[in-house]
Amino acid sequence: MFVVTDCTRPSPYKMNSIDVKDVRDIVLGITGYEEIADMAFRHAGNMQFGDSLVVNPYFILDCIEESEA
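Reading the values: rules and limits
Residues numbered from 1 in each chain as written. Predicted model: local features only at pLDDT ≥ 70, side-chain atom pairs only at ≥ 80, totals over all residues. Heavy atoms only, no water. Helix = DSSP H or I, 4+ residues; strand = E, 2+ residues; numbered from the N terminus. Rg over C-alpha atoms; globule rule 2.2 N^0.38 Å. Buried < 20%, exposed > 50% of the residue type's maximum accessible area, 1.4 Å probe, protein only. Areas by Shrake-Rupley, 256 points an atom, 1.4 Å probe, with all protein chains shown as cover. Core = buried A, V, L, I, M, F, W, Y, C linked by side-chain atoms within 4.5 Å. Contact = heavy atoms within 4.5 Å. Expected span 1.5 Å × (residues − 1). Arc of directions from axis to C-beta. Polar contact = N/O pair within 3.5 Å; in protein donor to acceptor, adjacent residues only side chain to side chain.

Across its full length, the chain carries 2 helices and 4 strands. In sequence order, the chain lays out its α and β elements as β-β-α-α-β-β. A compact globule built from 69 residues would reach a C-alpha radius of gyration of about 11 Å, and the chain, at 11 Å, matches this within 12%. Considering only C-alpha atoms, the chain reaches an extent of 30 × 25 × 15 Å along its principal axes. Per-residue burial over the chain gives 35% buried out of 69 residues. Total accessible area on the chain is roughly 4,400 Å²; 49% of this is exposed by carbon and sulfur atoms.

In C-alpha cells:
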C-alpha cells in the first residue's frame with residue numbers, strides 16, 4: 001500500500017492507494033508535472049515496505065503494509 005502526503009497544502013493531506021498507476025495520477029494532480037509523476041510511478045514500482053520517496057516541496061511517498069494504515 002502507498003501513502004502519498006501532499007506537502008503543498010498548509011496542513012499536509014494523506015491519500016492511500018494500492019496501485020502504482022493511481023500513485024502516478026495522485027502525484028500528477030499534486031505537481032502538475034508529467035515528468036515528476038512518471039518518476040514517482042517508476043519508484044513506486046520498485047519500492048518495498050518501509051521505503052520512502054521525498055520530493056520537496058511537493059509530496060512524500062511511503063510504501064507500507066496495509067496493517068499499518
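Once the structure has been displayed, the description carries forward.
Take the nonpolar core next. Counting residues in hydrophobic clusters, the biggest one holds 16 residues, and the most contacted among them are F2, V4, V23, V27, F59 and L61. Of all elements in the fold, only β1 (2-6), α1 (20-31), α2 (34-45), β3 (52-55) and β4 (59-63) reach the threshold of two or more residues within this core. Residues in contact with L61, not counting those within four places in the same chain, are F2, V3, V4, V23, A40, A44, M47, D51, S52 and L53.

At the junction of N56 and P57, the peptide bond is cis and its omega measures out at 5° in the coordinates. Mapped onto the elements, P57 comes out in the loop between β3 and β4.

Over its 12 residues, α1 runs 16 Å from end to end, which matches the ideal 16 Å to within 8%, given 1.5 Å per residue. Every buried residue of α1 is accounted for by V23, R24, I26, V27, I30 and T31. What you see down the axis of α1 is that its buried residues fit within an arc of 165°, all on one side. Away from its buried face, by an angle of more than 90 degrees, α1 presents the exposed residues K21 and G29. Those residues of α1 hidden inside the fold are in contact with β1, β2 (13-17), α2 and β4. Here α1 starts with a cap whose side-chain oxygen sits 3.2 Å from the backbone nitrogen of K21, and that cap is D19. Directly beyond the C-terminal end of α1, a positive phi value near 80° is found at G32.

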